[in-house]
Amino acid sequence: MKLSHFQFNLPKELLAEYPAENRDESRLMVIDRKKQTIEHKMFKDVIDYFDEGDVMVLNNTKVFPARLYGNKEKTGARIEVFLLRELNAEQRLWDVLVDPARKIRIGNKLYFGDDDSLVAEVIDNTTSRGRTLRFLYDGSYEEFRGKLTELGETPIPKYINREVTPEDADRYQTIYAKEEGAVAAPTAGLHFSKHLLKKLEIKGIDFAEVTLHVGLGTFNPVEVEDLSKHKMDSEELKITQEACDIVNSAKERKKRICAVGTTSMRAIESSVSSARTLNPFDGWTNKFIFPPHDFSIADCMITNFHTPKSTLLMMISAFCGHDLMKRAYDEAIKEEYKFYSYGDAMLII
């Protein structure tokens, strides 16, 4: 498969600027790989496709308010600082992206907050927009993290062309988010409401939680025609023994295992034993799934509608089959499904 196989024309108006009014009332396209059929449902109908003992694998990462705005010393120029990951808690070192980047050099200081109570010094250049910052703050580590949260805003994706609203802090977060560390939401999970999770639980569906801290790499378009040459960013991943036990016992009993989102799918595919069972994991993964790929754990998945040439679309093609995926996407555009982070969902069985 080549990059050009993943190009399609996506009308601008199909990019969702806001979430559906109620989480579980977004639309759901159901694709049956065996029957090669496509159905149109509501997200809350997802319950009809699962039975007692089936397992849903959820990514419980929590998005932190990663986008800050500071001012450059002397000139006062407004600079966006996007926190990617903490490098050293004690020294308050962070890997960040800055915009505009060309004026931000090693040694520059940036000031944050109306009272300039938080200061950062640029100590390294990592990429054209990447920098390493050392934050200077008079207070404990907990107070420092509190200050970042207070000054930061929800990192809704750049394509959403509007100001962040207070509602985004709630809606750009899954209701089961626990482990802070993501700079982008695992968006398939955004469709689950408390009520729907409860109904699934009552029906006997089990949940296995994994933690994959979604980085900005998830949005990086692929730029090489030969997909095998694309390098994924590494992301932090944790899979507990408890999650493995839930998944492996369901697999043994021939129950359905559903990866909720591309991040959950990448997580479980990153840690497969030779017997095709799930292994515990604590480290980093840069797993890139593209066709052809033999999936070992999940036999169905929930996902959103993805943008052209994205790694996410390539995974869907590998799981769904390329021709069926193309048919589904043509239909989604025709039926005006909403795409991307706040968009509608797809269940592939």
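Above this text sits the structure in question.
Every value quoted in this text rests on a predicted model; they were computed, and no experiment measured them. (Residues numbered from 1 in each chain as written. Predicted model: local features only at pLDDT ≥ 70, side-chain atom pairs only at ≥ 80, totals over all residues. Heavy atoms only, no water.)

J.: Quick rundown of the overall build of the protein chain? Include the residues and the values.
T.: Looking only at helices and strands, the protein chain has seven helices and 17 strands in total. Here the C-alpha radius of gyration of the protein chain, 21 Å, is about what a compact globule of 349 residues would show, namely 20 Å. Overall size of the protein chain, expressed as C-alpha extent along the three principal axes, is 65 × 45 × 40 Å. Residues counted as buried form 53% of the 349 residues belonging to the protein chain. Taking contacts inside the protein chain between residues at least 6 apart in sequence as the whole, the part at least 24 apart equals 71%. (Helix = DSSP H or I, 4+ residues; strand = E, 2+ residues; numbered from the N terminus. Rg over C-alpha atoms; globule rule 2.2 N^0.38 Å. Buried < 20%, exposed > 50% of the residue type's maximum accessible area, 1.4 Å probe, protein only. Contact = heavy atoms within 4.5 Å.)

J.: Outline the packing of helix 6 (residues 311–320) against helix 7 (residues 322–334), listing residues and values.
T.: Put simply, helix 6 and helix 7 touch, their axes get as near as 7 Å, and they point 120° apart. Classed by the angle they form, the pair helix 6 and helix 7 counts as oblique. Judged by the twist between their axes, the crossing of helix 6 over helix 7 is right-handed. Between helix 6 and helix 7, the contacting residues are Leu313, Ile316, Ser317 and Cys320 on the first element and His322, Leu324, Met325 and Tyr329 on the second. (Axes fitted to C-alpha atoms, helices over the stretch in contact; angles between N-to-C directions. Parallel < 35°, antiparallel > 145°, perpendicular 65-115°, else oblique. Left-handed = near helix turned anticlockwise from the far one by under 90°.)

J.: Just give me the short version of helix 1 (residues 141–151), but keep the residues and values in it.
T.: Burial in helix 1 covers these residues: Phe144, Lys147 and Leu148. Axial view of helix 1: buried residues confined to an arc of 100°, hence all on one face. Relative to its buried face, helix 1 has exposed residues pointing more than 90 degrees away, namely Glu142 and Glu150. On its buried face, helix 1 is in contact with strand 5 (67–72), strand 6 (78–88), strand 7 (93–99), strand 9 (118–125) and strand 10 (130–136). (Arc of directions from axis to C-beta.)

J.: Lay out the pattern of salt bridges in plain terms, naming residues and giving numbers.
T.: Under the defined criterion, the tally for this structure stands at 16 salt bridges. Across the pair Glu235 and Arg266 runs a salt bridge, and its minimum N-O distance is 2.1 Å. Remark: Arg266 occurs in helix 5 (residues 262–269) and Glu235 occurs in strand 13 (residues 235–239); sequence separation between them is 31 residues. According to the relative accessible area criterion, Glu235 is buried, its value standing at 3%. Within the structure, one salt-bridge network assembled from shared partners comprises Arg67, Glu80 and Lys158. (Salt bridge = Lys/Arg side-chain N within 4 Å of Asp/Glu carboxyl O.)

J.: Could you give an account of the environment of Asn161, naming the residues involved and the relevant values?
T.: In this fold, Asn161 is placed in the loop between helix 1 and helix 2 (166–171). Each C-alpha atom of the pair Asn161 and Glu17 lies 7.2 Å from the other, and the pair is 144 residues apart in sequence.

J.: With reference to specific residues and values, describe the pairing of strand 9.
T.: Examined bridge by bridge, strand 8 (residues 109–112) and strand 9 share four bridges and lie antiparallel to one another. Each bridged residue has a counterpart across the sheet, and for Leu110 the counterpart in strand 9 is Ala120. In terms of strand pairing, strand 9 meets strand 10 through six bridges, oriented antiparallel. Across the sheet, Glu121 pairs through a bridge with Arg134, a residue of strand 10. Between strand 9 and strand 10, which pair antiparallel and follow one another directly, the connecting turn spans four residues. (Pairing = 2+ DSSP bridges.)

J.: Tell me what's going on with the sheet that holds strand 14 (residues 257–260), and back it up with residues and numbers.
T.: Reading across from one edge, 2-1-17-16-14-3-12-13-15 is the order of the nine strands in this open sheet, with mixed pairing throughout. The two strands at the open ends of the sheet, each matched to only one other strand, are strand 2 (37–42) and strand 15 (281–285). Neighbour to neighbour, the strand axes of the sheet diverge by 20° on average, direction disregarded. For strand 12 (residues 206–212) and strand 13, the ladder comprises two bridges, and the chain directions are antiparallel. What sits directly across from Leu212, in strand 13, is Leu237. Helix 6 contacts strand 1 (27–32), strand 16 (300–304) and strand 17 (345–348) of the sheet and is inclined by roughly 150° relative to strand 16.

J.: So what's going on with empty space enclosed by the protein? Residues and values would help.
T.: The full count for this structure, using the stated rule, is four cavities of 30 Å³ or more. There is about 180 Å³ of room inside the largest cavity. What lines the largest cavity is a set of 19 residues, and nearest its centre among them are Ala185, Thr187, Thr218, Thr262 and Leu312. Listing elements by their share of the lining of the largest cavity, those giving two or more residues are helix 5 and strand 16. Looking at the lining of the largest cavity residue by residue, the classes come out as ten nonpolar, nine polar and no charged. The volume enclosed by the second largest cavity comes to roughly 80 Å³. As for the second largest cavity, its lining consists of 13 residues, and the residues nearest its centre are Pro19, Arg171, Leu190, His191 and Tyr342. A breakdown of the residues in the lining of the second largest cavity according to their chemical character gives four nonpolar, seven polar and two charged. (1 Å grid on protein atoms, 1.4 Å probe; cavity = no way out; pocket = protein on both sides within 12 Å on 5 of 7 lines; lining within 4 Å. Points joined across faces, edges and corners; volume = space filled by probe spheres on them. Nonpolar A, V, L, I, M, F, W, Y, C, P; charged D, E, K, R; others polar.)

J.: A description of the nonpolar core should follow, citing residues and the corresponding values.
T.: Membership of the largest hydrophobic core comes to 66 residues, with the highest contact counts inside it found for Met29, Ile31, Met265, Ile268, Phe339 and Met346. Of all the elements, helix 6 adds the most residues to this core, at seven residues. If near-sequence neighbours (up to four positions away) are discounted, Ile268 is found in contact with Val57, Val210, Ile239, Ala259, Leu278, Ile297 and Ala298. (Core = buried A, V, L, I, M, F, W, Y, C linked by side-chain atoms within 4.5 Å.)

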